[in-house]
Every structure is written in structure tokens, then in C-alpha cells.
Amino acid sequence: MSPWLTPEEVSELTDAKRRTTQCKRLAAMGVPFTPNYAGRPLVERSAALKYKERADKKAAEPDWTAIKAA
């Protein structure tokens, strides 16, 4: 298995087809990447897995904002 995500996996992760949009979304998500000479974002598989773990952990925590506001 390659240490890099495939172009299809990057597209799925960012929900974008265009390379420029993928780069913008990866930056907003805090996923480290390096654009190659053609502009395609290269994302290490380990970085994507760390992002997924953070997102899953954040989703598992309850949203206490309504209680704190009261």
C-alpha cells in the first residue's frame, strides 16, 4: 500500500474534484499536504488517518453549548 492517498481518495476526503479546491479544503481541515509540480495535493495516508481520528473523536463528544448558555 502506498504511503500517499490516491487522487480518488483525496477527492473523497475533500469532497472536491478540482485540485485548487482540494488544496484549499485540506488547508482548512488542517491536513498537511504538498502540492506536486502539476498542482495535485499529495497527502500522506498517516496524516489523513490522524485527521479522521480527530474528526471521529470530536463527533463522539456531546455538544454542551445549549446547556452552558442557559
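Up top you'll find the structure we're talking about.
So, a few notes on the structure that sits alongside this text. (Residues numbered from 1 in each chain as written. Predicted model: local features only at pLDDT ≥ 70, side-chain atom pairs only at ≥ 80, totals over all residues. Heavy atoms only, no water.)

1. With respect to the overall build of the protein chain
Under the convention used in this document: Helix and strand assignments follow DSSP, with helices taken as H or I runs no shorter than four residues and strands as E runs no shorter than two, numbered in order from the N terminus. What the globule rule says is 2.2 Å times the number of residues to the power 0.38, and the radius of gyration is computed from C-alpha atoms. With a 1.4 Å probe rolled over the protein chains alone, any residue whose accessible area is under 20% of its type maximum counts as buried; one over 50% counts as exposed, and the rest are partly exposed.
Each helix and strand in the protein chain was counted, giving four helices and two strands. The globule rule puts the C-alpha radius of gyration for 70 residues at 11 Å, and the 15 Å found for the protein chain is more than 25% above it. In terms of its C-alpha atoms, the protein chain occupies a principal-axis envelope of roughly 50 × 25 × 15 Å. Looking at the protein chain as a whole, 23% of its 70 residues qualify as buried.

2. Observations regarding the side chain of threonine 14
Keep this limit in mind: Here a polar contact is taken to be a pair of N or O atoms separated by no more than 3.5 Å, where protein atoms must pair a possible hydrogen donor with a possible acceptor and residues adjacent in sequence count only if both atoms sit in side chains.
Here threonine 14 shows up in helix H1 (residues 7–14). From its side chain, threonine 14 meets the backbone oxygen of valine 10 in a polar contact 2.8 Å long. A polar contact is formed between the side chain of threonine 14 and the backbone oxygen of serine 11, at a distance of 3.5 Å.

3. Quick look at unusual backbone geometry
With a phi angle near 55 degrees, aspartate 15 is a residue other than glycine that sits in the positive phi range. Here aspartate 15 shows up in the loop between H1 and helix H2 (19–29).

4. Focus: H1
So the rule is basically this: Starting at the helix axis, one direction is taken to each C-beta atom, and the arc is that of these directions.
Those residues of H1 not exposed but buried are Val10, Ser11 and Thr14. Down the axis of H1, the buried set is contained in an arc of 100 degrees. They therefore lie on one face. Facing away from the buried side of H1 by over 90 degrees, the exposed positions are Glu8 and Glu12.

5. Some remarks on H2
The complete set of buried residues in H2 reads Gln22, Cys23, Leu26 and Met29. Seen end-on, H2 carries its buried residues on one side only, within an arc spanning 130 degrees. In this structure, H2 carries Lys24, Ala27 and Ala28 as exposed residues pointing more than 90 degrees from its buried face. Among the residues trailing H2, glycine 30 stands out with phi positive, at a value near 80 degrees.

6. So, the pattern of salt bridges
When the charged atoms of two side chains lie near each other, side chains of opposite charge can form a pair. Formally: The term salt bridge refers to a side-chain nitrogen of Lys or Arg lying within 4 Å of a carboxyl oxygen of Asp or Glu.
For the structure shown, the criterion picks out one salt bridge. Between glutamate 9 and arginine 45 there is a salt bridge; the shortest N-O distance is 3.2 Å. With glutamate 9 in helix H1 and arginine 45 in helix H3 (residues 45–60), this residue pair connects regions lying 36 residues apart in the sequence.

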